[in-house]
Amino acid sequence: MKQDIFQAIADPTRRAILTLLTIQALTPNVMAEKFDMSRQAVSKHIKVLHECDLIKSEQSGREIYYHFNAKKMQEFDHWLAQFRQNWETQFNQLDKLLTTIKEQK
Amino acid sequence: MNNDLLFDFTVDKAAQTVYITREFNAAQSLVWDAFTKPELLDQWGAPAPMRMKTKYMDFKVGGRRFYAMISPDGQEGWSVQEYTSITPKTNFKMYNAFSDKDENRELPGSEWDYTFREENDRTKVNITIYNESLERMEKMIEMGFRIGFTMTLENLEDLLTTLSRKL
């Protein structure tokens, strides 16, 4: 897991970009238009998203299109699922302990 | 086991907060003890095959708990908890930070809030974990991932042992 995936998702503009890209691939120019932002500002967001693999680029003629990388997001969710799994294991251990204590009484 | 007990786990990535709700088939005072007495906490606080060891625990506002999570190969990961608010049997809050073996904290840490409520002979526990920094949340989850990975390997070992006995 790359270091900056939380940073990438924590920014509301980047979340909006990701949401938009789940619907269709877009060029930086179109993104700038849709968000009423400068090309430079959009490029900065794209760079962050691209570095942590949340989006992929594809050259088409003179234009670069950005796609949402669903696989990466899934990987991230699996990672969180693992965290959930640890809690589940711990709580099951606590269930056993509570039963043991109740039986001793 | 106890599949009818409620378990809810939500991660709000944007708010840097994890919400956990779990029901236990026991009275509120017993569940409270399991979360606040070191001799009980150490028995369930780490997912097997990890172990938990409390060096000391002073459960009062401003008091601390210094403990380690120990992996099967003996590696120790230390943490310090500092209690910021306690309402007996109902709620406690603490500030948790990773540390070295000499209790030097690595800040920032995370804020934990535990609420206990009894309903129909069951006790519902709500846990909220807020991470000050995104990096901290990552580290917390990464540590969980490593623990999970260790567990998976252990399970694989069990499976291999079982399989080899059959041969």
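Counting restarts for each chain, with residues numbered from 1 along the sequence as it is written. Ligands are numbered from 1 and chains lettered from A, in the order in which they are written. Reporting in this predicted model follows two pLDDT cut-offs: at least 70 for local features of residues, and 80 or more for side-chain atom pairs to be given and counted; totals over whole chains, interfaces and linings ignore these cut-offs and use all residues.

As a further point, take the overall build of chain A. Tallying secondary structure elements over chain A gives five helices and two strands in all. Along chain A, from the amino end to the carboxyl end, the secondary structure elements read α-α-α-α-β-β-α. Three exposure classes are used, all based on how many other C-beta atoms lie within 10 Å of a residue's own C-beta (placed from the backbone): buried at 20 or more, exposed at 12 or fewer, and partly exposed between those limits. Across the 105 residues in chain A, those meeting the buried criterion constitute 20%. Two residues form a contact once the distance between their C-beta atoms, set from the backbone, is within 7 Å. Within chain A, counting contacts between residues at least 6 apart in sequence, those at least 24 apart form 52% of the total. Under the scheme used here, helices are H or I runs from DSSP no shorter than 4 residues and strands are E runs no shorter than 2 residues, and both carry numbers assigned from the N terminus.

Once that is clear, we can look at the overall build of chain B. If you tally the helices and strands in chain B, you get three helices and eight strands. Starting at the N terminus and ending at the C terminus, chain B contains elements arranged as β-β-α-α-β-β-β-β-β-β-α. Split into buried and exposed, the 167 residues of chain B put 19% on the buried side. In chain B, 34% of the contacts between residues at least 6 apart in sequence involve partners at least 24 apart.

Further remarks concern the sheet that holds strand E4 (residues 64-70) of chain B. Residues and elements named next belong to chain B. Strands are treated as partners if at least two bridges between them are detected by DSSP. Sheet architecture is open: eight strands sit in the order E1-E2-E8-E7-E6-E5-E4-E3, paired in antiparallel fashion. Either end of the sheet is taken by a strand with one partner, and the two such strands are strand E1 (7-12) and strand E3 (51-57). Geometrically, the sheet is characterised by an average inter-axis angle of 20° between neighbouring strands, direction not taken into account. Examined bridge by bridge, E4 and strand E5 (residues 76-87) share seven bridges and lie antiparallel to one another. The residue bridging Met-69 from the neighbouring strand is Gly-77, located in E5. In this analysis an axis means a line fitted to C-alpha atoms, helices contributing only their contacting stretch, and an angle means the value between N-to-C directions, from 0 to 180 degrees. Where helix H1 (residues 28-36) meets the sheet, it contacts strand E2 (17-24), strand E6 (91-99), strand E7 (105-119) and strand E8 (122-131), and its direction lies at approximately 170° from that of E7.

This part takes up the nonpolar core. Counting residues in each nonpolar core, the largest one holds 14 residues, and the members touching the most others are Ala-8, Leu-21, Leu-49 and Ile-55 of chain A. Put simply, the parts of the chain that give this core at least two residues each are helix H1 (5-10), helix H2 (12-23), helix H4 (39-51) and strand E2 (63-68) of chain A. Broken down by element, the residue count for this core peaks at three residues, all from H1 of chain A. Once residues within four sequence positions are removed from consideration, Leu-49 of chain A is found in contact with Ala-8, Arg-14, Ile-17, Leu-18, Leu-54 and Ile-55 of chain A. The nonpolar core is taken to be a set of buried Ala, Val, Leu, Ile, Met, Phe, Trp, Tyr and Cys residues joined by way of C-beta atoms within 7 Å. Formed by eleven residues, the second largest nonpolar core is a distinct cluster that contains Phe-91 of chain A together with Ala-26, Trp-44 and Val-125 of chain B.

Moving on to the confidence of the model for chain B. When pLDDT is averaged across chain B, the result is 83; 78% of the residues are at 70 or more. Confidence metrics for the complex model read pTM 0.68 and ipTM 0.74. A residue's pLDDT is the predictor's confidence in that residue, given on a scale from 0 to 100.

A separate point is H1 of chain B. Here H1 of chain B has its buried residues at Val-31, Trp-32 and Ala-34 of chain B. Seen along its axis, H1 of chain B keeps its buried residues to an arc of 160°; they face one direction. The directions considered for the arc are those from the helix axis to the C-beta atoms.

What follows is about the packing of helix H3 (residues 28-35) of chain A against H4 of chain A. Residues and elements named next belong to chain A. Packing of H3 against H4 leaves a shortest axis separation of 9 Å and a crossing angle of 110°. When the interaxial angle is binned, H3 and H4 end up roughly perpendicular. Handedness of the crossing formed by H3 with H4: right-handed. Facing Pro-28, Met-31, Ala-32 and Phe-35 of H3, the residues of H4 in contact are Arg-39, Val-42, Ser-43 and Ile-46. For classification, angles of less than 35 degrees are called roughly parallel, those exceeding 145 degrees roughly antiparallel, those between 65 and 115 degrees roughly perpendicular, and all remaining angles oblique. By convention, the crossing between two helices is left-handed when the near helix turns anticlockwise from the far helix through less than a right angle, and right-handed when the turn is clockwise.

Turning next to the environment of Glu-103 of chain B. Within the secondary structure, Glu-103 of chain B is located in the loop between E6 and E7. Sequence separation between Glu-103 of chain B and Val-80 of chain B is 23 residues; the distance between their C-alpha atoms is 6.9 Å.

For the rest of this paragraph, the subject is unusual backbone geometry. The amide bond that connects Leu-107 of chain B to the next residue, Pro-108 of chain B, takes the cis arrangement and shows omega of 0°. Within the element layout of this structure, Pro-108 of chain B appears in strand E7. The backbone phi angle of Asp-53 of chain A is positive, close to 65°, even though this residue is not glycine. Note that Asp-53 of chain A resides in the loop between H4 and strand E1 (55-60).

Residue and element names in this part refer to chain B. Here Arg-51 lies in strand E3. Note: C-alpha distance between Arg-51 and Ala-68 (17 residues apart in sequence) is 8.2 Å. If we skip the residues at most four places from it in the chain, Arg-51 touches Ala-46 and Ile-70.

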